[in-house]
Each structure stands twice: as structure tokens, then as C-alpha cells.
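# Descriptive analysis of the structure
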Amino acid sequence: MPSEWDKERKFEIEKVHPMYLITALCVVPFGVYFLLNFLSPLIHRLTAMTISEIYVYPIKSLRGVKVKEALGTAHGFKHDRTFMLLRITPEGPVPMAVSKQPEMTQFLQEIHGYNDADGSLRVTFRAFGNAEAEKSLTIPLTPDPSSLEATEITLHSSATRALQMPQSYNDWFTSCFGYAVQLIYIGAHTRAVLFDDMQPREPSPLTRFLRAPLPFTTRSIASAIGLRPTSPQRIAFADCAPFLVVSQTSVDDVSSRLPAGHAMDVTKFRPNIVVQGALDAYQEDYWGVLSINNSLDVVLAHNCVRCASVNVDYETGRPGKGELGDVLKKLQEDRRIDVGARWSPVFGRYSFWGVGRGDEVVRVGDRVNVKKVNDGLSIFSWPGLS
Ligand SMILES: *[C@@H]1O[C@H](CO)[C@@H](O)[C@H](O)[C@H]1NC(C)=O
């Protein structure tokens with residue numbers, strides 16, 4: 001039997017109950033919101049990924065140079081793909097690539113004085129393991145352009161002026177390859193990025209109005225509401241973008257597809273930045289923006305679609321044998337995810353510096369957070385390349 005006191009208390013609780021409810025409804029969401037806001041830097045710290053490897057490739061398509069740090073610019077890392085080899089054919093000079101000339105993997109590159117004005121690049125021809133035929137060449141990393149003759153070259157439909165390196169370098173490479181080649185240097189020139197959805201559009205009247213000489217804040221509004229940046233992206237001899245970002249978790253997934261005891265050589269994917277610590281393989285397909293050190297934004301705009309170069313055996317400089325030479329097919333099973341390049345598997349993301357960012361030193365160990373996740377997959381749109 002409830003006592004009188006119990007009855008009274010019950011009555012009181014029933015009376016104040018709606019008050020509790022209203023208070024809870026108002027306070028709890030705010031409390032949770034503020035708590036999460038308070039904890040989020042901490043959560044970010046704990047879940048952050050890191051840059052595990054950085055690569056530059058001074059001469060495009062030769063072996064990469066692994067570095068501890070590199071100077072990132074809007075056009076890519078300093079000294080990345082600033083040189084390119086051309087094969088001299090009856091139809092004229094043609095850009096060379098590992099997929100067509102797997103023997104390019106027999107050339108190791110070494111940088112001496114990355115930050116020095118008189119830094120140099122040492123190239124060693126491994127001669128397919130024939131130690132007697134092995135030889136080296138030293139090339140200035142930053143040749144004096146005034147002494148070099150200009151030329152025009154088109155790589156993946158994107159043309160540029162470039163500079164012809166002295167004939168002695170061509171002779172050395174020609175003697176290694178066994179067919180006529182030419183070495184060119186990009187100098188101060190750059191190539192346009194041709195991704196369809198990154199092209200500047202004819203400005204609409206609204207854009208013109210917003211771009212008129214008005215205060216900076218109006219421009220910010222213009223970019224906030226999604227109007228395109230005014231300056232198109234430009235690159236050196238990298239295929240499609242200043243940076244290629246890959247995830248180590250995805251590299252590990254590829255390794256798991258190889259026979260036991262074999263690991264996928266990440267350099268076959270020719271990344272600039274390797275990020276480690278992603279929870280799942282291929283999360284990067286949806287990454288829109290990464291933030292390095294919570295300060296530098298890197299925009300992951302497109303998928304990197306793959307060709308037979310991932311099958312090449314870097315030891316022999318020939319198409320790989322057995323399952324190790326079948327990486328492309330293994331990826332084709334489930335990685336053909338880009339409707340803009342239906343037949344090619346995707347691995348890695350073509351990336352760009354955040355708009356308006358200047359040069360920044362990027363280091364191995366730098367913290368990386370996913371700042372924006374895209375709703376859907378990006379669609380490859382480089383004309384004539386897939
Ligand atoms: C990130 O922070 C480290 C340590 O302070 C610094 O050395 C590095 O240059 C920074 N990287 C970028 C891209 O800001």
C-alpha cells in the first residue's frame with residue numbers, strides 16, 4: 001500500500017515531469033553539440049592519417065626518387081616531371097611512357113641538392129642486371145634556359161613549349177635504349193589541365209558582376225556559391241594533375257591479391273604522396289578534400305585510371321610474368337568504377353593544391369585528415385585519355 005507520502009511525491013513528480021522533458025529537449029542536443037565540437041579536434045587527432053612516403057620523378061617515367069620532404073607548388077612538387085624523354089620516330093618525337101617502353105624502369109634517379117640552385121640529378125642505367133654495362137649520367141636539375149633551344153611538345157593532348165637539352169644527353173640515353181631518344185626540359189613552361197569539369201567557363205552575367213573590381217569578400221561569396229575559380233590549373237610533364245595521392249591501405253589490398261609472400265610495389269602506381277592509416281581500402285575514391293596539418297587543403301578532383309604499366313616487372317624491365325604481371329586484370333575485376341573510363345581500373349586520386357595556396361613543404365609524417373567526402377564518385381573527363 002503506498003503511504004500518503006508516496007502519493008504526494010508521485011503527484012509532484014507527475015506535475016514537474018513536462019518541465020524535465022522540455023529542459024531535456026532543449027539542453028541535451030546543445031550539450032551533445034558542444035561536447036562533440038569540443039571533442040572533435042581530439043577525435044581528429046586520434047583518427048588522423050599520416051603521409052608515409054613522398055616521391056618525385058624528375059625525368060618522367062624513370063624510377064622514382066623517395067624523399068623525406070618536398071616543396072609542393074600549385075604545379076606539383078619541385079623537380080617532379082620537369083624532364084621528359086621522347087622517342088624519335090619517322091612521324092616525329094613521341095613522349096615515352098612505362099606502358100609502351102617498360103625498359104624505362106631500368107633507369108634509377110638520385111637527387112643531389114634538392115633545394116640548391118645548382119642541384120643535380122644522377123641517372124643510372126641498370127642495363128637489365130648486366131653490371132658491366134651499367135653506367136651513369138649527371139644532369140643539372142635546373143638547367144640554364146638561356147642556353148637551350150625551344151621546342152613544342154604535346155602530351156595527352158595538352159601542348160607546351162619546352163627546352164631541348166644538349167645533344168650529349170640525348171646520345172647517352174640513345175646508347176642505353178638502343179634507339180633514338182631526346183631529353184627535354186619544361187623550364188618555366190606549363191601544360192594546361194584538360195579535365196572537362198575543371199575548365200573555366202564563359203562567365204555568366206552574374207559571374208561577371210561578382211568578378212568586377214569588388215572587394216575580396218564578394219569574390220569569396222562567388223566561390224562559396226560554387227562559381228569556378230578564374231585561373232585554370234597547370235602542370236609540368238605529369239600526366240593529368242600536379243599530385244597523385246594513393247592510400248597504403250589500398251596498396252595492401254592489391255598485395256593481398258598477389259601470391260603469398262609478394263607485396264605490391266607502390267612505386268608502380270607512381271604516386272607523389274602515400275597516405276597511411278585509412279581504415280578501409282579504396283575509401284579515397286570518395287575523398288574530396290584532404291587537409292595536411294589541418295592547414296593545407298589538397299583537392300582530390302579525379303580518379304587515376306590505370307593501364308598495363310602496373311604489370312611491368314621493374315627488375316627485368318619487361319612485362320611481368322605470372323600473377324605479378326596480371327595486376328591490371330586483378331584490378332579490373334572490381335575497380336572499374338569510373339563511368340568516364342569504363343575499361344580502366346581506378347587506383348589513386350589526381351590531386352590539386354587548394355585554390356590560392358602558395359608553396360608549402362610537405363613532409364613524411366605530416367598529419368592528414370579527410371576534410372570533405374564526396375557524395376558520389378568523380379567522373380574521368382580528360383579528352384582522349386582513358
Ligand atoms: C606540417 O607540420 C610539420 C611539423 O610542424 C612541418 O614540418 C610541415 O612542413 C607541415 N606541413 C605542411 C604541409 O604544412
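Residues numbered from 1 in each chain as written. Predicted model: local features only at pLDDT ≥ 70, side-chain atom pairs only at ≥ 80, totals over all residues. Heavy atoms only, no water.

From N to C terminus, the protein includes six helices and 23 strands. Taking as baseline every contact in the protein between residues at least 6 positions apart, the subset at least 24 positions apart corresponds to 71%. Split by element, the accessible area of the protein, about 20300 Å² in all, is 57% carbon and sulfur. (Helix = DSSP H or I, 4+ residues; strand = E, 2+ residues; numbered from the N terminus. Contact = heavy atoms within 4.5 Å. Areas by Shrake-Rupley, 256 points an atom, 1.4 Å probe, with all protein chains shown as cover.)

With that settled, the discussion passes to the side chain of H302. Here H302 lies in strand β18 (residues 296-305). Within polar-contact distance, the side chain of H302 engages the side chain of D197 at 2.9 Å. With residues up to four places along the chain from it excluded, the contact list for H302 reads F195, D197, M198, G348, R349, Y350, S378, I379, F380 and S381. (Polar contact = N/O pair within 3.5 Å; in protein donor to acceptor, adjacent residues only side chain to side chain.)

Taken as a whole and judged by the stated rule, the model has 17 aromatic pairs. Look at W172 and F173: their rings are 4.9 Å apart centre to centre, the planes differ by 85°, and that puts the pair in the edge-to-face class. Looking at F173, the relative accessible area reads 0%, which means it is buried. Taken together, a centroid distance of 4.5 Å and an interplanar angle of 20° make the contact between F243 and W353 stacked. Of the two residues, F243 sits in strand β15 (residues 243-247) while W353 sits in strand β21 (residues 346-353), which places them 110 residues apart along the sequence. (Phe/Tyr/Trp six-rings, centres within 6.5 Å; stacked < 30°, edge-to-face > 60°. Buried < 20%, exposed > 50% of the residue type's maximum accessible area, 1.4 Å probe, protein only.)

Using the criterion set out here, one finds twelve salt bridges in the structure. A salt bridge links R161 to E152; the nearest nitrogen and oxygen atoms lie 2.9 Å apart. Here E152 falls in the exposed class, since its relative accessible area comes to 52%. Taken together, the shared-partner salt bridges connect D253, R257 and D334 into one network. (Salt bridge = Lys/Arg side-chain N within 4 Å of Asp/Glu carboxyl O.)

Attention now moves to the sheet that holds strand β9 (residues 135-140). Read from one edge of the open sheet, three strands run β7-β8-β9, paired in antiparallel fashion. Each edge of the open sheet carries a strand with a single partner, namely β7 (107-112) and β9. Pairs of neighbouring strands in the sheet enclose a mean axial angle of 20°, with direction left out of account. Most of the contacts of helix α2 (residues 167-177) go to β9, to which it runs at about 150°, and overall it touches β7, β8 (120-125) and β9. (Pairing = 2+ DSSP bridges. Axes fitted to C-alpha atoms, helices over the stretch in contact; angles between N-to-C directions.)

Right, let's talk about the sheet that holds strand β6 (residues 92-95) for a bit. One open sheet holds the five strands; their spatial order is β6-β5-β12-β11-β10, and the pairing between them is antiparallel. Two strands close off the open sheet at either side, each with one partner strand: β6 and β10 (149-155). Looking at each pair of strands side by side, their axes are set apart by 45° on average, direction ignored. Looking at chain direction, strand β5 (residues 83-89) and strand β12 (residues 181-185) are connected through five bridges and run antiparallel.

Residues I59, L85, I139 and F173 are the most contacted members of the largest nonpolar core, which totals 50 residues. A total of five residues in this core trace back to one element, the largest contributor, which is α2. Here I59 is in contact with F83, L85, Q109, L121, V123, I139, F173 and L183, once residues within four sequence places are set aside. Within the second largest apolar cluster, 33 residues are counted, among which are F195, A241, L244 and V251. (Core = buried A, V, L, I, M, F, W, Y, C linked by side-chain atoms within 4.5 Å.)

A separate point is the site of the ligand. In the vicinity of the ligand, the contacting residues are I292, N293, L296, V361, R363 and D366. Within the backbone of V361, a nitrogen or oxygen atom sits 3.1 Å from an oxygen atom of the ligand. The contact in question runs from an oxygen atom of the ligand to an N or O atom on the side chain of R363, over 2.5 Å. About the coverage of the ligand: the protein hides 63% of its 360 Å² of free accessible area. (Near = heavy atom within 4 Å.)

Both β10 and strand β11 (residues 158-164) contribute to a ladder of seven bridges, which runs antiparallel. Looking at β11, one finds that T151 is bridged to A162. Counted between consecutive antiparallel strands, the loop separating β10 from β11 contains two residues, among which H156 sits at a positive phi close to 50°. For β11 and β12, the ladder comprises two bridges, and the chain directions are antiparallel. Looking at the pairing, Q164 lines up with I184 of β12.

As recorded in UniProt, the sites labelled "transmembrane region" (unreviewed entry) are residues 20-39. Helix makes up 100% of residues 20-39 and strand makes up 0%, while its end C-alpha atoms are separated by 27 Å. (UniProt positions renumbered as here; feature names shortened; annotations may be inferred.)

Right, let's get into the confidence of the model for the protein. Segments scoring low in pLDDT should not have their predicted coordinates read at a detailed level. Residues at a pLDDT of 70 or more form 86% of the protein, whose mean pLDDT is 89. This model gives residues 226-230 a pLDDT under 50, and the stretch forms ten contacts once residues within four places in sequence are excluded. (pLDDT = per-residue confidence, 0-100.)

For α2, the full list of buried residues reads Y169, N170, W172, F173, C176 and F177. Relative to the axis of α2, the buried residues are bounded by an arc of 160° and lie together on one face. Considering only its buried residues, α2 is in contact with β5, β7, β8, β9 and β12. Within two residues after α2, G178 carries a phi angle of roughly 85°, on the positive side. (Arc of directions from axis to C-beta.)

The next point concerns unusual backbone geometry. One non-glycine residue, H79, adopts positive backbone phi at about 70°. Residue classification places H79 among the buried positions, given a relative accessible area of 6%. Within the chain, R81 stands out as a residue other than glycine whose phi angle is a positive 50°.

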